[in-house]
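Examination of the molecular architecture
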Amino acid sequence: MSPSVRLQEMIRVIRSARTQGEERGVIQRECAAIRAQFRQADNGGRSHNLAKLLYVHMLGYPAHFGQMECVRLIASPRYSEKRVGYLGAMLLLDEKQDASLLITNSIKNDLSHSSQYVQSLALCTLACMGSAEMCRDLAPEIERLLRASNSYIKKKAALCAVHIVRKVPELGELFTPSARSLLSEKNHGVLHGAVVLITELCERSPETLVQFRKAVPELVQVMKGLVMSGYSPEHNVAGISDPFLQVRILRLLRILGRNDDVASDAMNDLLAQVATNTDSSKTAGSAVLYETVLTIMDIKSESGLRVLAVNILGRFLLNNDRNIRYISMTSLQKIVQTDHNAVQRHRGTIVDCMKDQDASVKRRALELSLALVSAVNIRSLMKELLLFLSCCPPELRSHTASGIFNAAERYAPSQRWHIDTILHVLTTAGGDVRDETVPNLIQLITTATELHCYTVHKLYRALVTDISQQSLVQVACWCIGEYGDLLLEGECEETEPVQVTEDDVLDALETVLQSHMSAPATRGFALTATMKLSTRITQNVDRIRSIVSIYGSCIDVELQQRAVEYNALFRKYDHMRAAVLERMPVIDKNSPGHTNGEMVAGGTLKGLEQTKNKQEEGTEAPQPAAQVCDLLDLLGGSDEPLQPRLAAPAPPGLGAVSSSVGGDLLDLLGGLDPAPVCASAAPGVKVYEKNGVTLTLQCDRQTDTSVTVTLVASNSSHCDITHFTLQAAVPKSVQLQMKAPSGDVILADGLGQVTQTVLLNNPNKVSLRMRVRVSFSAQGSTIQDTVQIDSFPAAACE
């Protein structure tokens, strides 16, 4: 291929290349020839070579060496060369390239050119790749062209002004008067550019928005002219007069009428006219109607007009185009909270959309159906949702089950209906429900005292039928363990009488224990239920003892531990077995610390108060060992649960000291009422000063969410302080990591310090708070104290 080959011939040769390597070779040879011709001082084929280079660039090969050639061609007096030069600038240059600044003067000269086509090239290039500096330099020229007499130039200038406003928003004031005058133009292209420019100005400046609200009547007249005008071949699309301009005007009216009664009243009649006179059988008409609906719902429109908008969306649901159905349900999802009754009228159509083959339409119909559930239609709509759950795609089961649970909890007509609904979901999609479903259902069952017999019978039948649904099996095992005596009695008025023997129940639980489908947690439920049955049956206690003993050597550590403890209960504490395994009390979901079936640390505040009262009365109340490591409600009374963290391991002897003070960490705040400390005055401030110990807090922000807190302790007394430790707790939304302290001895008279570094990660950027416990020994006595830090230095909070 010779260096002077034409563009068409080069394209033909590149397309005929059989391999990528052959194509690369052709392009490399042609680029080398183009470079050589660029270096020639007198080259009449510059535009021809640059056109070939632009094609190479479009194929993804480097073409940056042609940037300066673009600058030369733009400065050429010939239109054919200018056209290729400007095209090359738009493709090869951007605002980050230094070469883009070299064409600023050429663009400025071409904006004053006598030919409208040269002016158009300059306007398009500036609107495509103009930097902020170029926009500032050329903005007066663009404003001048907005007042030109040529409609072709005004249209291009309006779109270029949009780019300038986006790049340099403060220049918007320069174009406001000209944009206002463009609304009186008859040319559709100029009108379209003016509406786009005004929309951009109003979105970026509240003051400009107030000014253009006065132009609402003028926009309404323009829109009425489009709606009522006859057939115009130049602007007609499928029987709709210039739908692109109509959509732009409707978007601008939506911005101008938002939160303004006067502007909204001025456009109400127009919107009603557009909504009733626009044909929705074509895509162009549907686009105009959709924008009309969005405008009606976003402004302060009349109630009848809003109902009309919802009805339009309801008609969209019957459209054969799935895209139209999808956007209709998306819009209904946004307005269902404010116009619930109007959307309810289309409930049947929405439910039918859940049977659509398209996954996106099906998901959107599901979300909208869940939003339509109310106390009035809960029974009928829940039947449809449960039917959908049985045949929905696997990726939608979890979302469907969660939505059914939430709706049932809010609008359940009775507890029995609520329990039946959840059990139906667990039977159908038990493997796709969230983890908190099991404790929530258990809580519901315990509160429905009169339904215990009905529930345990129903769960037993479900367990015998299918043990593959783990959530259902766990709830069934729990209920059988708690209410097994009701199951064995066989007297349940609400279900068919079924005679169940002790062996039948134990066989069912043993099947769960031995099944390969049972998860470790499920086996734990089954083993505990088996153990609880030892106090509810009379003839098979030995069999239960043998079942429990088998799992004393189970490979699963959790199951093994349970079995060993149950065996010890049989052998050593058999006289206490009935009391230990008695029926669980009713769970109060609203009790402190109960959240989604889980107990958070620090939540059992009432229990702690009762325990504390018993201790004050002289009654010994043993503390659970599992709570020893909890700092509990270290920031008592806060809305957020805390995440306790302990300092480095305590030195030898600290255990004895702790026993003498309070027994364990449960009484961390016992008898203490520390005054809050505000640490917002300086980067490093004192947060504690007592008993000769001074504690200073310093903050160093590492990133937007992480803070390094340094606690420095010094000793101003005349004796050394030993066994010095710090413990801290923060809200649960903050992650805390404590580094090892620099030591545990502070020398007297300020001769030594102990430094403790604490790393805080605050992803939610909540207000930082911390409570610190100080513990040390001085002159043979042990001292413990607590300080609360309610605010941190500005360096940590910014």
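In the block above lies the structure referred to throughout.
The paragraphs below set out a description of the structure included in this document. Since this is a predicted model, take the numbers as computed values, not measurements.

Conventions and cut-offs
- Residues numbered from 1 in each chain as written.
- Predicted model: local features only at pLDDT ≥ 70, side-chain atom pairs only at ≥ 80, totals over all residues.
- Heavy atoms only, no water.
- Phe/Tyr/Trp six-rings, centres within 6.5 Å; stacked < 30°, edge-to-face > 60°.
- Buried < 20%, exposed > 50% of the residue type's maximum accessible area, 1.4 Å probe, protein only.
- Lys NZ or Arg CZ within 6 Å of the ring centre and 35° of its normal.
- Axes fitted to C-alpha atoms, helices over the stretch in contact; angles between N-to-C directions.
- Helix = DSSP H or I, 4+ residues; strand = E, 2+ residues; numbered from the N terminus.
- Parallel < 35°, antiparallel > 145°, perpendicular 65-115°, else oblique.
- Left-handed = near helix turned anticlockwise from the far one by under 90°.
- Contact = heavy atoms within 4.5 Å.
- Nonpolar A, V, L, I, M, F, W, Y, C, P; charged D, E, K, R; others polar.
- Salt bridge = Lys/Arg side-chain N within 4 Å of Asp/Glu carboxyl O.
- Expected span 1.5 Å × (residues − 1).
- Arc of directions from axis to C-beta.
- Pairing = 2+ DSSP bridges.

Another point: the packing of aromatic side chains. Inspection of the entire model under this criterion finds 3 aromatic pairs. Taking 6.0 Å as the distance between ring centres and 80° as the angle between the ring planes, the aromatic pair formed by W478 and Y483 counts as edge-to-face. For Y483, a relative accessible area of 2% translates into the label buried. Over the aromatic face of F65 sits the side chain of R35, whose NZ or CZ is 4.0 Å from the ring centroid. The ring of Y454 has R416 sitting right over it, with the charged end atom 4.2 Å from the ring centre.

Attention shifts here to the packing of helix 27 (residues 470-489) against helix 29 (residues 520-533). Relative orientation of the contacting elements helix 27 and helix 29 amounts to 15°, with a least axis distance of 8 Å. What the angle tells us is that helix 27 and helix 29 run roughly parallel. Pair helix 27 / helix 29 crosses with left-handed handedness. Mapping the contact onto sequence places Q470, V473, Q474, C477, W478, I480, G481, E482 and G484 in helix 27 and A521, T522, F525, A526, A529, K532 and L533 in helix 29. Classifying every residue of the contact of helix 27 with helix 29 gives 9 nonpolar, 5 polar and 2 charged.

Our next topic: the pattern of salt bridges. The tally for this structure, following the rule as stated, stands at 35 salt bridges. With its nearest N and O atoms 2.8 Å apart, the salt bridge here joins E367 to R364. Of this pair, E367 and R364 both sit in helix 21 (residues 359-371), 3 residues apart, roughly one helical turn. The exposure class of E367 is partly exposed, given its relative accessible area of 21%.

On to helix 22 (residues 378-391), then. For the α-helix, the turn length of 3.6 residues means that residues three or four positions removed from each other point alike. Taking 1.5 Å per residue, 14 residues should reach 20 Å; helix 22 reaches 20 Å between its end C-alpha atoms and fits that length. Regarding helix 22, the residues found buried are I378, L381, M382, L385, L386, F388 and L389. Projected down its long axis, helix 22 shows its buried positions confined to an angular sector of 160°, all on one face. Among the exposed residues of helix 22, those pointing more than 90 degrees away from its buried face are K383, L387 and C391. Of the surrounding elements, those touching the buried residues of helix 22 are helix 20 (347-353), helix 21, helix 23 (394-411) and helix 24 (415-429).

Our next topic: unusual backbone geometry. At D242, a position not held by glycine, the phi torsion is positive, near 45°. Relative to the helices and strands, D242 is located in the loop between strand 2 (240-241) and helix 14 (243-257). One non-glycine residue, H723, adopts positive backbone phi at about 55°. Relative to the elements of secondary structure, H723 occurs in strand 10 (residues 721-731).

With 9 bridges joining them, strand 13 (residues 770-778) and strand 14 (residues 781-791) adopt antiparallel strand pairing. For S777, the partnering residue across the bridge sits in strand 14 and is T782. Hairpin connection between strand 13 and strand 14: a loop of 2 residues separates the two successive antiparallel strands, and Q779 in this loop has a positive phi of roughly 55°.

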